[in-house]
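The residues making up each chain are set out below.
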Amino acid sequence: MLEIKNLSVSVKNKIIINNLNLEIEKGKKVAIMGPNGSGKSTLSNVIAGKHGYQINDGQIFFNGINILDLDPEERAAKGIYLAFQYPVEIPGIANSSFLRTALNSIRKYNGEKDLNTREFLEECKDLSKRLNLDTSFLSRDLNTGFSGGEKKKNEIFHMLMMKPKLCILDEIDSGLDIDALKVISDGVSKYSNENNSMLIITHYQRLLDYIKPDEVHIFNEGKIIKSGDYNLVKTLEEKGYQEFV
Ligand SMILES: Nc1ncnc2c1ncn2[C@@H]1O[C@H](COP(=O)(O)OP(=O)(O)OP(=O)(O)O)[C@@H](O)[C@H]1O
Ligand SMILES: [Mg+2]
């Protein structure tokens, strides 16, 4: 589903992603762990299409198409979703209006009709309930005044509503309480199936205990320095990054 080839990215002439190669097959859950500042969020942003990065070299293929020339909204319409490490507050835009506009623009891109209001609201209620997110969050301004954990829950709520093919979760566990972590992990695990893929960025074993990734990569200075299965997480937890860096 995702194939990154020899990717090099700079910000203000500083190399952040350094000749990276990474493949994520359809149906797989891939975890990336790495020290602060190693380039994990930069990688997420570059896949999602955020502007402001200098692509020096390489390609990113999504289902066989090189997406580097596509705008973020086109990538989203093709099924790429990024749950932000730091969700943005947008005062004046209701959460549900934002979500509905996003959903309808994706549907339009794919030649589908706008959502029926009743069906949209029913699904919103159903999914927000599953995530223990009170329905009052639908009418509140997007992320405005939400607690740290509520913002993260809302990111996953949007993901479940949008039904993307590639879910990039950038530290979705930071700020979540113990119960919320379980609820969110359950939501992500239930959504995961043989037709979608997950790129899960985290610092902690706990989320991965729930989500059970198929592959784990350790990231440092913009590239993968070690790959393995779930056992790599345990080694990392015991020995820290020094063992690998
Ligand atoms: N717009 C920018 N201007 C200057 N430096 C930047 C910019 N964006 C990223 N960087 C730098 O790139 C490096 C990688 O940042 P990034 O946010 O990708 O790290 P990360 O691996 O996600 O870290 P964390 O685990 O702390 O979230 C950092 O040193 C950061 O300061
Ligand atoms: Mg980050």
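In case you missed it, the structure is sitting above this.
Quick summary incoming for the structure in this document. (Residues numbered from 1 in each chain as written. Chains lettered and ligands numbered in written order. Predicted model: local features only at pLDDT ≥ 70, side-chain atom pairs only at ≥ 80, totals over all residues.)

**Remarks on the overall build of the chain**
- Tallying secondary structure elements over the chain gives nine helices and twelve strands in all.
- On the principal axes, the C-alpha backbone points of the chain span a range of 50 × 40 × 35 Å.
- Within the chain, the fraction of its 245 residues that count as buried is 35%. (Helix = DSSP H or I, 4+ residues; strand = E, 2+ residues; numbered from the N terminus. Buried ≥ 20, exposed ≤ 12 C-beta atoms within 10 Å, placed from the backbone.)

**Here's the deal with the site of ligand 1**
- Residues in close proximity to ligand 1 include Val11, Lys12, Ile16, Gly34, Asn36, Gly37, Ser38, Gly39, Lys40, Ser41, Thr42 and Gln85, which together make up its full environment.
- Broken down by element, the shell around ligand 1 gets its largest block of residues, three residues, from helix α1 (residues 40-48).
- Taken together, the residues of the shell around ligand 1 break down into two nonpolar, eight polar and two charged. (Near = placed C-beta within 6 Å. Nonpolar A, V, L, I, M, F, W, Y, C, P; charged D, E, K, R; others polar.)

**Regarding the sheet that holds strand β3 (residues 29-33)**
- Pairing within the open sheet is mixed, and its six strands lie in the order β6-β9-β10-β3-β11-β12. Strand pairing shows two members of the sheet lacking a second neighbour, β6 (80-83) and β12 (223-228), which therefore form its edges. When strand polarity is set aside, the average angle formed by the axes of neighbouring strands in this sheet is 20°.
- As paired elements, β3 and strand β10 (residues 197-201) share four bridges and run parallel to each other. Following the sheet pairing, Ile32 is matched in β10 by Ile201.
- Across the sheet, α1 touches β3, β6, β9 (166-170), β10 and β11 (215-220), and the angle it forms with β9 is around 150°.
- In the packing of helix α6 (residues 148-162) onto the sheet, contacts are made with β6 and β9, and the angle to β6 comes to roughly 165°. (Pairing = 2+ DSSP bridges. Axes fitted to C-alpha atoms, helices over the stretch in contact; angles between N-to-C directions. Contact = placed C-beta atoms within 7 Å.)

**A closer look at helix α7 (residues 178-191)**
- Between the first and last C-alpha of α7 there are 20 Å, a value that for 14 residues agrees with the 20 Å anticipated at 1.5 Å per step.
- Along α7, the residues classified as buried are Leu181, Ile184, Ser185 and Val188. For α7, the buried positions fall inside an angular range of 100° around the axis, keeping them on one side. Summarising the geometry of α7, the exposed residues directed more than 90 degrees from the buried face are Asp179 and Lys190. (Expected span 1.5 Å × (residues − 1). Arc of directions from axis to C-beta.)

Take it as geometry only, folks, not as evidence of what the structure does.
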